[in-house]
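Breakdown of the fold
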Amino acid sequence: MATKKSNTIKLKFDSARSLAPAPESKSAAKIDPQYELFINGKMEKPQSKKYFPTINPATEEKLSMIAEANGADVNKAVTAARNAYAKTWKKMPPAERAKYIYRIARMIQERAREFAIIETLDGGKPIRESRDFDVPTAANHFFYYAGWADKLEYAFPNRRTEPLGVAGQIIPWNFPLLMAAWKIAPALACGNTVVLKPAENTSLTALKLAEIIQEADLPPGVVNIITGAGATGAAIVNHPDINKIAFTGSTEVGKIIQRAIAGTNKKATLELGGKAANIIFDDAPLDQAVEGVINGIFFNQGHVCCAGSRLYVQESVFKEVVRKLKDRLETLIVGDPIDKNTDIGAINSKAQLDIINKYIKIGQQEGAEMYQSSCALPKKGFFCRPTIFTNVAQSNRIAQEEIFGPVLAIQSFRTDDEVIEKANNTPYGLSAGVWTDKGSKIFNMTTKLRAGVVWANTFNKFDPGSPFGGYKESGYGREGGVHGLNAYVNIV
Ligand code: ADP
């Protein structure tokens, strides 16, 4: 329940909400009424003859119709990828491959505005995020891996590598363009060809990327982008001529994929769920830490596998941190994602909003104390107030399970050992954050936290040169950096 607010907070809150609307113009975004499948360098009608709508989660309006690929379509895409691999891509000098990848990077930059707007319309994330993070980081990823294409002997000294063949790549809805870049760029750099499937509710930027790939004159079949839901993904996973599966998504589907490829020669990298702990020590710069926590779980609606959805605060500063968090929560602007002032946009789908609301109820039933921002929510679309829970027990479901929404579970701690024990006590291990003034404490924590990435005095920072991936049920394999090349080569 919202507690009484001081006048200062009220003032800040009013001034934030009374900002005049500053919507990004949608005119730069050209969305066709219907999209086909991108196979062998051409837009092809699906053999299934089926299409499904993609909507704007902030308005519930239909944006376009998307083709649904069936088994025959998947087979066509895999065959195109296999032919392109054997006849063209594998044989091409690596420096030539690099030129195509650079070209894709530059073309994303040229069309950055269009990509950002479409990402926001289709997925609900604030334009500020898609404009300043998703799209530039996607372009950077292509730049980075273009640089590796002709330098693999430096990545694997004294070893010879060869590509794996055809990679089936299945991505989620939270970073549609960026995840496509994470998957496609290293695969191409290492000489593989690709069949990529975006998530069914956010296909548009992947299809826009298909336009770029066409314009970049990439040899037909090197990248194929096919759309559809879980059945299409399963058809990719089960296709006998796929050599590697790269998947980012839920732990549940990750396990299905693992079972499906058991006993085959298919390689896999799985980037699954997370339940990241942010840890604030009493010597940390508290305002900076609070801003980092807010950024880590509320910006982007908590739709981030590595979102800092748990917070551990050292007991002596617990009250102060919680007060600062509540104050900051009140100033966050929840609303139209296309507005440049918006901090928290729309939840990606009605189904995801239902899951988040279910967890908010569970948290209350478990006896945790809830505090929500008092902001008004738009009447249409899928929105959720930023929510924090205190009085949380380590065994509570809101402290153990991935919610994938703007919900933060806060606990206190006294000693380093206690917080390490608590932070590691979930089935996941994707990321964590440490806030302290002491370098020695940072090193102590980073060596003991079982998480693929540990940020210190910052959170959710990404760079193409830095590997990302998890422990335990967060999956295996690393994406990004020189480590990300491993996933796409055989060392011979
Ligand atoms: P989320 O919970 O983030 O929606 P999912 O794991 O359900 O994550 O979806 C991630 C991606 O996996 C999407 O592209 C989705 O279509 C695809 N997918 C869903 N079910 C399967 C499956 N059984 N096999 C392969 N891909 C699947």
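Note that the structure is predicted; figures quoted are calculated from it, not measured.

Turning next to the overall build of the protein. Counting its secondary structure elements, the protein contains 17 helices and 20 strands. Rg of the C-alpha trace for the protein: 22 Å, near the compact-globule value of 23 Å for 492 residues, within the 12% margin. Projected onto its principal axes, the C-alpha coordinates of the protein cover approximately 70 × 50 × 35 Å. Counting all 492 residues of the protein, 60% fall into the buried class. Contacts in the protein between residues far apart in sequence, at least 24 positions, make up 75% of those at least 6 positions apart. On the protein, roughly 19,100 Å² of surface is accessible, and the fraction owed to carbon and sulfur atoms is 52%. Charged side chains of the protein number 61 positive and 51 negative; the gap between the two group centres comes to 3 Å.

So, about unusual backbone geometry. A positive phi angle, close to 55°, is found at asparagine 457, a residue other than glycine. According to the relative accessible area criterion, asparagine 457 is partly exposed, its value standing at 25%. Positive phi, normally seen in glycine, also occurs at lysine 472, with a value near 50°. With respect to the element layout, lysine 472 can be found in the loop between β18 (453–456) and β19 (475–476).

As a further point, take the packing of aromatic side chains. Enumeration over the complete set of coordinates arrives at 12 aromatic pairs. When the centroid spacing of 6.0 Å and the interplanar angle of 75° are considered together, the rings of phenylalanine 133 and phenylalanine 175 count as edge-to-face. Pair noted here: phenylalanine 133 is in helix α5 (residues 127–148) and phenylalanine 175 is in the loop between β7 (166–170) and α7 (176–189), with a separation of 42 residues, a long-range link. The buried category is assigned to phenylalanine 133, whose relative accessible area is 19%. Phenylalanine 175 sits in the buried class, given a relative accessible area of 8%. Aromatic pair tyrosine 144 and tyrosine 145: ring centres 4.9 Å apart, planes at 85°, arrangement edge-to-face. Feature note: the residues Phe133, Phe175, Trp182, Trp455, Phe459, Phe462 and Phe468 constitute an aromatic cluster, connected by ring pairs. In this arrangement the basic side chain of arginine 128 is found over the ring face of phenylalanine 299, its NZ or CZ atom lying 5.4 Å from the centre.

Our focus in this paragraph is the pairing of strand β13 (residues 310–314). Of all 5 residues that make up β13, 5 are buried, and the element is covered over most of its length. Burial along β13 is two-sided: the residues Arg310, Tyr312 and Gln314 and Leu311 and Val313 are all buried. Inspection of the sheet shows strand β12 (residues 277–280) paired to β13 by 4 bridges, in the parallel sense. Residue pairing across strands places asparagine 278 opposite leucine 311, the latter belonging to β13. On the question of chirality, the crossover connecting β12 to the parallel β13 by way of helix α11 (residues 286–297) is right-handed. Here β13 pairs with strand β16 (residues 407–413) via 5 bridges, running parallel. Note that in β16 the partner of leucine 311 across the bridge is isoleucine 410.

With 109 residues, the main nonpolar core has Ile104, Leu188, Ile280 and Leu325 as its most contacted residues. Looking at this core element by element, the count peaks at 11 residues for α7. Split by domain, this core shows at least three residues from each of two domains, domain 1 (26–272 + 474–491) and domain 2 (277–463). Ala80, Ile170, Ile261 and Leu270 belong to the second largest nonpolar core, which has 23 residues in total.

Taken together, 16 residues lie near the ligand, and Ile171, Trp173, Lys197, Glu200 and Ser250 sit nearest. Isoleucine 171 has a polar backbone atom sitting 2.8 Å from an oxygen atom of the ligand. Measuring from a nitrogen atom of the ligand, one finds a backbone N or O atom of alanine 234 at 3.5 Å. Relative to its free-state accessible area of 560 Å², the ligand is covered by the protein chains to the extent of 79%. Those elements giving two or more residues to the shell around the ligand turn out to be α9 (230–238) and β10 (244–248). No other element matches α9, which puts 3 residues into the shell around the ligand. Across the shell around the ligand, the residue classes break down as 9 nonpolar, 5 polar and 2 charged.

The domain architecture assigned to the protein consists of domain 1 (26–272 + 474–491) and domain 2 (277–463). Overall, the association of domain 1 and domain 2 removes approximately 2,500 Å² of surface from exposure, summing both partners, and the carbon and sulfur fraction of that is 58%. Looking only at domain 1, the three residues that lose the most surface to domain 2 are Arg128, Trp173 and Ser474, adding up to 22% of its buried area. For the pair domain 1 and domain 2, the interface holds 1 salt bridge. For the pair domain 1 and domain 2, the interface holds 11 residue pairs in polar contact (both at pLDDT 80 or more). Those elements that provide at least two residues to the side of domain 1 that touches domain 2 are α4 (112–123) and α5.

Once that is clear, we can look at the sheet that holds β12. Strand order in this open sheet of 7 strands is β14-β15-β16-β13-β12-β17-β18, and the pairing throughout is mixed. At either end of the open sheet lies a strand with only one pairing partner, and these are β14 (369–372) and β18. Taking the axes of each pair of neighbouring strands and ignoring which way they run, one obtains an average angle of 20° across the sheet. Two elements, β14 and strand β15 (residues 387–390), share 4 bridges in a ladder whose sense is antiparallel. Paired with tyrosine 371 across the strands is isoleucine 388, a residue of β15.

Once that is clear, we can look at helix α15 (residues 416–424). Taken together, the buried positions of α15 are Val419, Ile420, Lys422, Ala423 and Asn424. Residues of α15 that are buried sit in contact with β12, β13, β16 and α16 (439–448).

The rules behind these values
- Residues numbered from 1 in each chain as written.
- Predicted model: local features only at pLDDT ≥ 70, side-chain atom pairs only at ≥ 80, totals over all residues.
- Heavy atoms only, no water.
- Helix = DSSP H or I, 4+ residues; strand = E, 2+ residues; numbered from the N terminus.
- Rg over C-alpha atoms; globule rule 2.2 N^0.38 Å.
- Buried < 20%, exposed > 50% of the residue type's maximum accessible area, 1.4 Å probe, protein only.
- Contact = heavy atoms within 4.5 Å.
- Areas by Shrake-Rupley, 256 points an atom, 1.4 Å probe, with all protein chains shown as cover.
- Lys, Arg positive; Asp, Glu negative; His and termini not counted.
- Charge placed at Lys NZ, Arg CZ, Asp CG, Glu CD.
- Phe/Tyr/Trp six-rings, centres within 6.5 Å; stacked < 30°, edge-to-face > 60°.
- Lys NZ or Arg CZ within 6 Å of the ring centre and 35° of its normal.
- Pairing = 2+ DSSP bridges.
- Right-handed = clockwise from strand over helix to strand, strands pointing away.
- Core = buried A, V, L, I, M, F, W, Y, C linked by side-chain atoms within 4.5 Å.
- Domains from an automatic or database assignment.
- Near = heavy atom within 4 Å.
- Polar contact = N/O pair within 3.5 Å; in protein donor to acceptor, adjacent residues only side chain to side chain.
- Nonpolar A, V, L, I, M, F, W, Y, C, P; charged D, E, K, R; others polar.
- Buried area = accessible area lost by both parts, 1.4 Å probe.
- Salt bridge = Lys/Arg side-chain N within 4 Å of Asp/Glu carboxyl O.
- Axes fitted to C-alpha atoms, helices over the stretch in contact; angles between N-to-C directions.

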